[in-house]
Amino acid sequence: MSAPRTSSAPVLPPAPPRAAAPPVHPDPPGERRPAPRRRSLRSRLGPYLLLLPALVPVAVGLGYPLVRQFVLSFQEYGLAQQFGRPAEWVGLRNYTTLLSDPYVWGVIGRSVLFCLVNAALTMAVGIAVAVLMTRVGRGARITLQVGLLLAWGTPVLATMTVWQWLFDSQYGVVNWLLAEPLGLTGMRQHSWIIEPASFYLVATVIVVWMSVPFVVFTVYAGLLQVPEECMEAAQLDGANAWQRLRHLSLPMVKPVLLVVALLQVIWDLRVFTQIYVLQRAGAPTRETHLLGTYIYSLAKEFSMAGAMATIMLVITFVLTVFYIRRMLKEEV
Amino acid sequence: MTRVRTSGLAAASVGLLLALTACGGGNEAEAGGSEEIRLWLAGSDTPQELRDYLVETFEAEHEGMSLVIEEQDWSGLVPRLQTALSSESQTPDVVEIGNTQSPTFTHAGAFSDISDLVDELGGDDLLEGFVEAGTVDGDVYAVPYYSGARAVFYRKDLFQQAGVEVPTTLAEFGDAAVALQQANPGGAANFSGFWLPGQDWYNGIAWLYSNGGSLAEQDGDAWVGALSSPESQEGLQQVQELFANATSAPRDADSAEPWVPFNNGEAAMFSAPTWARWSIDLPECNQGVDPDDESEAAQAALAEQQACNEERTGIFPLPGPTAGEPATVFAGGSNIAIPAMSGNQEAARDLLRIIFSEEYQTMLAENGLIPGNSEYADALGDDVYAQAALAAALDAQLTPPAEKWADVEAARILEDFFQEVASGADLAEASARADQLITDTLA
Amino acid sequence: MTAARPGAPAAARRRARGGGTGRRLLGLLAVLVALVWVFPIYWMVNSAFLPTNRMRTGEPSFLPFGGTFSNFRNVLTDSAFYDAFKVSLAVTGLTLVVAILFAFLGALAISRFRFRGRRSFILTILVVQMIPAEGLFISQYQMLDNWGLVNAVLGLTIVYVAAILPFTVWMLRGFVAGVPLELEEAAMMDGLSRTGAFFRITFPLLAPGLVASGVYGFLQAWNEYTLALVVMTDPDQRTLPLWLQGLVEANRATDWGLVMAGATLISVPVIVFFLFVQKRMSAGLVAGAVKG
C-alpha cells in the first residue's frame, strides 16, 4: 500500500486566511440545472441512500415521539388518559394558561440569561483550554485530557453528590477553605444555595465544569485539522501566535465552533440535572426554577409539559436564528 | 464508482439495522406469560426472609405458577409506574407504592377495585389513613403495606449536663430544645438543641398536626390549602420558635442524614425513623474496626460499639400537647395494589391474601415495620425502639388524600414554605401565599 | 528554538514550535487546569476510601490516611456490578458502532453532495435537538413495548442511537466541511479515484472528529439514566447508572463510600476507551495527506 502521494498537494493561500471552505462539489450543483442525461438513477439516489440509515432511527426513535408530544400539547392528557380515560381536545388552552402566567415569563427570562452567560463562559474557557492543549507537550496534554475526561465521564449521580458536599453549609470544603486557611470566619456556615443569585453562581460553576470538556475535545479536534502548512506559511509571513490564532486557526475551525456554540446554547437553555439536584440539596425551588426543572415539575400533565416544550423550541429558535441563518447561508 | 461504493455501504447499514430490529422481536412471548406473576417491591425495606416466605407460600399454593419479586428503587418508582402500569405485557401483577404517591395513581385508574377483598384482608383493622389514600368514591384500590413513624433520638449525657429531662409535652419539648441549645454542654461550634433543617417539613408538620391543623382541607369537590387556619398557625408559630432558638441547622438542608451532626456532637436531638439507630456512630464509642475484618474479635468489638452507642442515646416519641399522649407525626410507609392491566387478577388477589395473612403481618412487625393490619402491631416487641415507633405510629397522619397531592410534592411547595418559616418570614403572609399555591396545584 | 528539521512530520514540527520556557510555563498552566477540573473527582475517590464517620465532618479529610479498600472490594465482589457492566457494555458498544457509522454516512451526504431536501434535512436534525426531551419517555416506551423491546438491549440501543445521531451527524458534518476539498482534488490529479482520494486523504483527516464524536457517544450511552430507568425495569437488565442508583438505596441509610467506589469504577472504562482512541486524535494529521 503506497502512502498517499501529496507532494503536489496543498498549496493553500497562506494569507489572508479564508473561512473554512464551503464544500464545493466537484460536479457543479446538480439540482440547479437539468441533470445530465448520463447520470444514472443510482447516482442520483446516492446521497439519499447515504442519509437513509441516519434518517430511519431518528424518525422512528425521536421524530414520532416528538410529533406525538406536539399533538398532545393541544389536548388534556395526564396520567388518567394513559390509563384509558379519553383525551379531550382543548385547542390552545395549555399554551394560554402558561403564557398568561407572569411566573412562567420569569422562568423564561431567568433561563435565557442563565443560558447565555453559561454558554459564553463555557465557550470562552473551552476554546482557551483547547488552544492551550495545542501548545503544550504530550505529557501535559494527556494529563489535561484525562482530567477533563474524568469530569465529563464520571456518572452525574456521583459528581453532583460531590458538588453538593463541596458547597454544603455545615461540612462543605468550600466554606472550610474560606474560613480556615483564608480567615473569612464569617463564611464558616455560609448557605450558598439559599439566595437565588448565589444559587445560580454555584450552578454556573458546576455547569461550566461539566460542559467545558466537551467543548475542549471538539475544538481541539477541529484545531488539529488546520493544515500545518498554513500555519507555517503564516509564520513565515511574520504573523505572531495570537494573529495566527485569531486570523487563521479560529476562522478555519469556524464550522466546528458554530456547531459547538449552538449546542451549548441549546443545552444550557434546557439545563436540568444540575439545577434539579441543587434544588433538592435545599434551595428555594420556586425561586430557582429554570425551564428544564419547570417542565419536569409539570411532568404528570404531559400535555402541559408538551406545550412548554414547544414554547421552549420557539425560544431556542429565536436565540439561535442568527447562527442558523449564517450556517445555512454557508450551505448554499 | 464512488456512488456504487457509498450507496452499497448505505444499503448494508440499513440492512444491519433491520436485522437488529428483527432479532429483538423474539422475547415478547415470555413477558406476557401467565405462568409467572411479578411483585414489585419498593426499596429495601422488605427483608429477604419475608420475600422468601412470599415466594414459597405462593408457589406452594399455586401449582405450576411462580412468583418473581423485583425490587424497584424509590427514586425511580414513579416514572416506572407511569410507563409499565399502562402496558399489558410489562405491568407487574402486584405493586408497592409510596403512600403519598398512592392517590395520584388510584385516581388515574391504574389499579383494580379490591373493595370486596378489604374485609378479608383486615377490614377496619387496616391503617385508616392509608386506606383513605387508596380510596376513590368509596371504592378501595390500594391497601396499607406497612407504616413507619418518626421518633426523637437524644444524647443522654448532654441532657444530663444541661440539666434537661425527657420532655412529656410538646411545650416542654420546645423548652428543652432551647435550653440544650443555650447550654451547649459539649461546647461544639454551631450547636443545635434539636436538629431541624430549613426544608424539613416531614418533621415540622408534626407541630401543625398536633395542634389540630392540616395542610389542606376538602371543601366540597375542591381541596384548599389550610396553612392559614388558626390551628395550623399555632403549630407553625412553635416551629418558627424552634427554628429561631433551638437549632443551628442550615436553612438550605432537608431531613436527609440527621445523624451526621448528631454523631459529630453538633446536635443533642434529632427526629428520624427508628432504623436510624443503625447509623448512630458516636466517636467516643467507635472502636475503629476495619469493615473487612470478619474475625470474632472484630464482631465482638462491633457489638460493643453498638451497645455503647445505644447506651448513650435515648429515644422517645415526640410528646403531644397534653402529657401522656404522643404528638401526631407524619406517617411514612407504603400501600400495595393490583394494577388494572395485570392479566393475573386472581393470582394477584391470592398474593394479597398471603401478604395480609397473620404469619406475614407478624413477620413485618417482627422486622420493625408497623404492619398494614394494626392488629398484629404487638409483634413489634417491647424494646424502646419498637415502643417509641409504635406510640408514634398509632396517631400518625398522612398527607391529604387529594388526587393531585403528588403534584404539590413535585413542586416542593412545602419545602419552600418551611424554609421561609425558618428564615423568619411573616407567618400569616407566607402561609397565605403557600395556601394559594396548594389550592391552585390541587385544583 | 526551533525550526524543526525540514522533512520532519508535521506533528513533530508543531510540537517543537514555541520557546522552551514559555512552553514549560504553558505546560504548568495545563496541569493546573487539569487539577482544578479533577478536584471534585479526587474528592469522590478520596471519599471512596474513607470510613463513613470521616466523610462529612467539621474538619475535611483531604487524604484518605487510615482509609479502607473495603468499598472497592465490596463493589468488585458484587455480581450485580458485573451483570450491569455487561449490559452497559453491550448497549454502549452497539450504540457507538451503529451511531457513528450511520452518522458518518449522513454527514458525508450533506457535506459532499447536493440534493433536493438537503437543507431541510440539516434544519430538521438541528431543530430536533432543540426540543426538550423530558416528556418523550412515555411515547418511546410505548413504541418499544409494541415491538416487544422493553427490557432488551436492542430496545435501549434504538432510542440511544436516535438520541445521539442528530448531534453526531451535525458534528461530523462540521469536520467533513473542514477538510479542504483541494486536498482531495489534488490527490485525484495524482491519479487516485474519487473514492480512493476520499479514503486516503479525507478520511484520515476526519479521525479527530470521529474520535471526538465517539467519545461523546460513548459517554452519552454509558451514563444515560432516565430512559434506561423506564426501559430496563428487570433487575437483570440494569445498566451501570441504574445499578449505581440502586447502591444509593441499597441500605436505608446510604453508604456513600460504597457509592463513590462504584462511581469510580464506572469511570474506569471511559478512561480506557479514551486512552485507546486518543492516539487517533493527534495521529490523524500525521497519517493523513499533509504528511510529507
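Conventions used here
Residues numbered from 1 in each chain as written. Chains lettered and ligands numbered in written order. Predicted model: local features only at pLDDT ≥ 70, side-chain atom pairs only at ≥ 80, totals over all residues. Helix = DSSP H or I, 4+ residues; strand = E, 2+ residues; numbered from the N terminus. Buried ≥ 20, exposed ≤ 12 C-beta atoms within 10 Å, placed from the backbone. Contact = placed C-beta atoms within 7 Å. Axes fitted to C-alpha atoms, helices over the stretch in contact; angles between N-to-C directions. Parallel < 35°, antiparallel > 145°, perpendicular 65-115°, else oblique. Left-handed = near helix turned anticlockwise from the far one by under 90°. Nonpolar A, V, L, I, M, F, W, Y, C, P; charged D, E, K, R; others polar. Domains from an automatic or database assignment. Pairing = 2+ DSSP bridges. Right-handed = clockwise from strand over helix to strand, strands pointing away. Core = buried A, V, L, I, M, F, W, Y, C linked by C-beta atoms within 7 Å.

On to the overall build of chain C, then. If you tally the helices and strands in chain C, you get 12 helices and 0 strands. Ordering the α and β elements of chain C from the N terminus gives α-α-α-α-α-α-α-α-α-α-α-α. Taken across its 292 residues, chain C has 55% of its residues classed as buried. Of the contacts made within chain C by residues no fewer than 6 positions apart, 75% connect residues no fewer than 24 positions apart.

Before going further, it helps to examine the environment of B:W207. Residues and elements named next belong to chain B. On the secondary structure map, W207 appears in helix α10 (residues 201-210). With 213 residues separating them in the primary sequence, W207 and E420 have C-alpha atoms 16 Å apart. Excluding anything up to four places from it in sequence, W207 contacts G235, Q238 and V239.

A pair of packed helices is captured by two measures, namely the crossing angle of their axes and the spacing between those axes. Residue and element names in this part refer to chain A. Contact geometry of helix α4 (residues 102-135) with helix α8 (residues 196-225) gives a least axis separation of 7 Å together with a crossing angle of 45 degrees. On the basis of their axis angle, the class for α4 and α8 is oblique. For the element pair α4 and α8, the recorded crossing hand is right-handed.

Let us look at the interface of chain A and chain C. Contact with chain A, which involves 97 residues of that partner, is made by 103 residues of chain C. Among the elements that line the side of chain A that touches chain C, the one with the most residues is helix α1 (residues 41-72) of chain A, at 17 residues. Classifying every residue of the side of chain A that touches chain C by side-chain character gives 68 nonpolar, 20 polar and 9 charged.

Right, let's talk about the domain arrangement of chain B for a bit. Residues and elements named next belong to chain B. Domain boundaries in chain B define domain 1 (35-148 + 331-394) and domain 2 (150-328 + 402-442). Each partner contributes residues to the interface: domain 1 has 14 residues there, and domain 2 has 17 residues. If you list the elements that add at least two residues to the side of domain 1 that touches domain 2, you get α5 (102-108) and α16 (384-394). Broken down by element, the side of domain 1 that touches domain 2 gets its largest block of residues, 6 residues, from α16. Across the side of domain 1 that touches domain 2, the residue classes tally to 7 nonpolar, 7 polar and no charged.

Turning our eyes to something else, we now look at the pairing of strand β2 (residues 66-72) of chain B. Residue and element names in this part refer to chain B. The pairing of strand β1 (residues 36-42) with β2 spans 7 bridges and is classified as parallel. What sits directly across from A42, in β2, is Q72. One crossover worth recording links β1 to the parallel β2 by way of helix α3 (residues 48-61), and it is right-handed.

Now for the packing of α10(B) against helix α11 (residues 230-245) of chain B. All names here are of chain B. For the pair α10 and α11, the least separation of the axes is 7 Å and the interaxial angle reads 140 degrees. One way to sum up the angle between α10 and α11 is to call them oblique. Considering only the axes of α10 and α11, their crossing is right-handed. Residues G204, W207, L208 and S210 of α10 pack against S232, G235, L236, Q238 and V239 of α11. Taken together, the residues of the contact of α10 with α11 break down into 4 nonpolar, 5 polar and no charged.

Now for unusual backbone geometry. All names here are of chain B. In this structure, N190 takes a positive phi of about 55 degrees despite not being glycine. Its location among the elements puts N190 in the loop between α9 (170-183) and α10. A count of 17 C-beta atoms within 10 Å places N190 in the partly exposed class. Its identity as a non-glycine residue notwithstanding, E257 has a phi of 50 degrees, on the positive side. Locating E257 in the fold gives a position in the loop between α11 and α12 (259-263). Among the residues examined, E257 registers 19 C-beta atoms within 10 Å and is labelled partly exposed.

Turning our eyes to something else, we now look at the interface of chain A and chain B. In this complex, chain A contributes 29 residues to the contact, which on the side of chain B involves 33 residues. Sorting the residues of the side of chain A that touches chain B by element identifies α1, α2 (79-82) and α13 (285-288) of chain A as the ones contributing at least two each. In terms of residues, the side of chain A that touches chain B owes the most to one element, α1(A), which gives 10 residues. Its residues placed into classes, the side of chain A that touches chain B shows 14 nonpolar, 11 polar and 4 charged.

Among the nonpolar cores identified, the biggest contains 199 residues, and A:V216, A:V219, A:M308, C:A103 and C:L165 are the most heavily contacted of them. Split by domain, this core shows at least three residues from each of two domains, domain 1 (1-68) and domain 2 (77-287) of chain C. If we ignore the near neighbours within four places in the chain, the residues touching A:M308 are A:L98, A:Y294, A:I295 and A:L298. Judged by nonpolar contacts, the second largest core, of 126 residues, contains B:A84, B:A388, B:A392 and B:L414.

When you tally the buried positions in helix α4 (residues 77-84) of chain B, you get 6 out of 8 residues, the bulk of the element. Burial in α4(B) covers these residues: B:L77, B:R80, B:L81, B:Q82, B:T83 and B:A84.

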